[in-house]
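# Overview (structure and organization)
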Amino acid sequence: MRFIMLNSPHTFSVSESEISVGRTMRRVLYAMVPGSVACIWFFGWGILINISVATVVALGAEAAMLTARGKNLTLYLGDCSAIVTAWLLAISLPQLAPWWITTIGIIFAIVVAKHLYGGLGYNPFNPAMIGYVMLLISFPIEMNAWLIPHCIWQPQAMSLIEVIKATFIGVLPERLSPDAITGATPLSILHNNLELEASVTGMLNSYFPSIFNCSSGWEWMTSGFLAGGLWLVYTRTIDWRIPVGLLGGLIAISTVFYLTDPHYLPPWFHIWSGAPIFGAFFIATDPVTASTTPLGRLIYGVGVGIIIYIIRSFGSYSDGVAFAVLMMNIAAPTIDLYTQPRLFGAGR
Amino acid sequence: MKDLFSFHGGVKAASHKSESNQQPIKSSILPHVLTVPLRQHTGSISKPLVKAGDHVLKGQMIGKPDGYMSAAIHAPTSGRVLDIDNKLVPHPSGLLDLCVLIESDGEDRWINRRETVDYKSLHPKKVYNLLRSAGVVGLGGAVVPTAVKLNTSTAIDTLILNGSECGPWITCDDLLMRERASEIISGLHIIVHILQPREVLVSIEDDKPQAISEMEAACSSTSYRVVKIPTRYPSGSVKQLVALLTGREIPINGLPVDIGVQCFNVGTAYAVHRTIEFGEPVISRVVTITGHVNQPQNMEVLFGTPFSHLINQSGGYRYGVDQLIMGGPMMGFAVHDDQVPVIKATNCIFAARVANFTLQYPVRPCIRCGVCVDVCPMNLLPQQLYWYARAKELDRVKDYHLFSCIECGCCSYVCPSHIPLVQYYRYAKSEIWAQEKEKQKADLARRRYRARVARLEHKKQIREAKLQEKAPVLMPNANYNSRDM
Ligand code: SF4
Ligand code: SF4
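Here's what I pulled together on the structure shown here. (Residues numbered from 1 in each chain as written. Chains lettered and ligands numbered in written order. Predicted model: local features only at pLDDT ≥ 70, side-chain atom pairs only at ≥ 80, totals over all residues. Heavy atoms only, no water.)

### What to know about the pairing of strand β12 (residues 261-265) of chain B
Residue and element names in this part refer to chain B.
- Of all five residues that make up β12, five are buried, and the element is covered over most of its length.
- Side-chain alternation along β12 places Val261, Cys263 and Asn265 on one buried face and Gln262 and Phe264 on a second face that is also buried.
- Bridge count for strand β9 (residues 158-163) against β12 is five bridges, and the pairing is parallel. Residue pairing across strands places Asn162 opposite Asn265, the latter belonging to β12. (Buried < 20%, exposed > 50% of the residue type's maximum accessible area, 1.4 Å probe, protein only. Helix = DSSP H or I, 4+ residues; strand = E, 2+ residues; numbered from the N terminus. Pairing = 2+ DSSP bridges.)

### Points about the interface of chain B and chain A
- Opposite the 64 residues of chain B that make contact, chain A presents 43 residues.
- Together, the buried faces of chain B and chain A total about 5,000 Å²; carbon and sulfur atoms form 61% of this surface.
- Counting the surface chain B buries against chain A, the share from its top three residues, Glu249(B), Ile367(B) and Arg368(B), is 14%.
- Where chain B meets chain A, there are two salt bridges.
- In this structure, Arg342(A) engages Glu249(B) in a salt bridge whose closest nitrogen and oxygen atoms are separated by 2.8 Å.
- Our enumeration of links across chain B and chain A arrives at 14 residue pairs in polar contact (both at pLDDT 80 or more).
- Here the element with the most residues in the side of chain B that touches chain A is helix α10 (residues 382-390) of chain B; it accounts for five residues.
- The class makeup of the residues in the side of chain B that touches chain A is 36 nonpolar, 17 polar and eleven charged. (Contact = heavy atoms within 4.5 Å. Buried area = accessible area lost by both parts, 1.4 Å probe. Salt bridge = Lys/Arg side-chain N within 4 Å of Asp/Glu carboxyl O. Polar contact = N/O pair within 3.5 Å; in protein donor to acceptor, adjacent residues only side chain to side chain. Nonpolar A, V, L, I, M, F, W, Y, C, P; charged D, E, K, R; others polar.)

### Observations regarding the packing of aromatic side chains
- One pass over the structure, following the stated rule, counts 18 aromatic pairs over all chains.
- A centroid spacing of 6.5 Å and a plane angle of 80 degrees characterise the contact between Tyr309(A) and Phe314(A), whose relative ring orientation is edge-to-face.
- For Phe314(A), a relative accessible area of 46% gives the class partly exposed.
- Put simply, the rings of Phe257(A), Tyr264(A), Tyr309(A) and Phe314(A) touch in pairs and so form one group of aromatic residues.
- Between Lys149(B) and the ring centre of Phe264(B), over which it is positioned, the NZ or CZ distance is 4.7 Å.
- Positioned above the aromatic ring of Trp387(B) is the side chain of Arg368(B), whose terminal nitrogen or guanidinium carbon lies 6.0 Å from the ring centre. (Phe/Tyr/Trp six-rings, centres within 6.5 Å; stacked < 30°, edge-to-face > 60°. Lys NZ or Arg CZ within 6 Å of the ring centre and 35° of its normal.)

Here you go:
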């Protein structure tokens, strides 16, 4: 009788097997729901359209690339990684981004940033962020058309049909002019005004809306993502070190600058506005492109946090999460090499 | 109760001990032909002492130890030597090795056994020699000659008798401790007498309550302490066990003696007892036959017995067995054929069914989730090792300390992408060894080449010198040169 020759171990943990790639990815998707609901509430249906377009395009592009590379479709599509990329990018886009913006971004992310590098597990850069940066550089106007928050029942809010029209054929309802619905985000206002040496406190007072106000949409969205992110940490779907490092690093550096010179924005504003919370729990935690040692993950997070601060305070972009993550992606292999755990028997 | 330390990582694997540990050790039926390999230990192969046609008695030495790192091989039963030939032996690479084939005469007649000796009155050297010529080696799996491990100049502070048996499915040590505790402790006395340790610990995983109580009873009148250790693979692995019991780490590339510790398996202590007290060489051992067989059990088996013979006595294969493993499922290796013989290292024969398994859990890409890092008992980064081994970046693999990997399999065990990680590590190790061999060869060739060039040069000089003698005109010039130097 001849036998199959395979290497040890000849068994594996079936309970760990349930922690498949697919389950991890699905949990990340669930965790994005609260923040997305808040986004719908305050900014209308746009994000839902973006997510739908992105998901369809991502699955199509993924299937095409898998077929071209001769991979098993059911096995790889089932891991949901393309959908996660789609959602990450869709959530990062302005709410009324035209459909072709979403499509170009996703195709670039899936085809170039993911599959041309070898597919899931081999991509050195976070695909969603590559797609985002490509769009930001190529289409600055569309990529900065952020909506002004309104509660969904308010007259300025657009209906689902109106949003679909705006996204697919670029037609706004007659009662609304582009200038009436889009505006700068709190972060970009401050970013631009700081250069005018305006008083930070005055601006903060005028732009920090009360929590129970229909104009506090950005803050509610952030809270939604924070809740989802904490759930991911609690269920151990993601490692706590990256979000803690990122937010800790951002708080630390912004506190130092704020204390030495109150012209700089205070730490709470840095944390609470723009994308750091979303980035800390959902983007920087992508295990494939992050550092992989325990200490390395902490350093990686801190690095992203500090670069975000530098770009925001001294760069020309108002937010810097995408750039910061990509820069640290480059550093991850080196961080890993120098943060190996102490080897057993290596002395203390 | 002794304070325990801890080690990083490890896994709590489904233990599957109860399949095979419910009935007493059974003696295997004598097979018709025994295939006894002459290399069953770490070290050099023994020299055959018999030839085809010879009649041998049970316990007669048929292989002489060759050198210090070697052990004797004995005839497991009486009969006729059929042949001495290269046969398939249980080895990961499926190698053939020199074996003595013995046809049993069915009488199982012993050779004249030596009287029991009073080891306390003997010089330790004498005891090593007795063990060496009785073929006593570590029966936990590493099969290092026991005499070599006893002959140490370092003072031993802690002696550990290893009855942990952390590998899932394997129960041979469990049964041995339950049934032969006092014999094991008698063997331990001999080891203690030679090494004179300050402290003697008997470690047993806490999922073996019967073995613990038997061993505690056997140790009751001694100073030896039975230590219950938590059931956590690979706590029976020497490095992890020593860390767990003493809080000290065996240095990289080091041995337990480097930190004043020595470990012996319970089976080895039992073999020492049989040798010294009864003059019996090691010709059999307890083997667990388990997995997909109809009646899993433990058997006392003569070396050279084919695996198939044991499978038949255990009710045969269950439906769909397509893999046969020597050792447990975590660290054992697959054998090509069930005709291979039981050897000193065979603690377990595990019949498995993999076909369904691999279909149900296909290999996916590594997403660097880090679960493997959490379980690696050597504090390595398995995903980095995998990444660079796959990319054949062998220098990087070394940077990530490939050679500290003990191939325990914990990383593969938990990997949610089901990547056969250990396979990649073995591959990378063998590539590096091959490279180093190549390099040595190349170095040798280069040295030879240089020597040849130098020799030719030398000859040329001599020739020229002779020419110059014949042509004295050139001489002053040569003299001038030599003065100038
Ligand atoms: S457990 Fe498997 S998938 Fe996760 S990092 Fe390790 S090798 Fe990669
Ligand atoms: S097989 Fe090697 S790398 Fe994997 S857990 Fe064991 S020691 Fe670590």
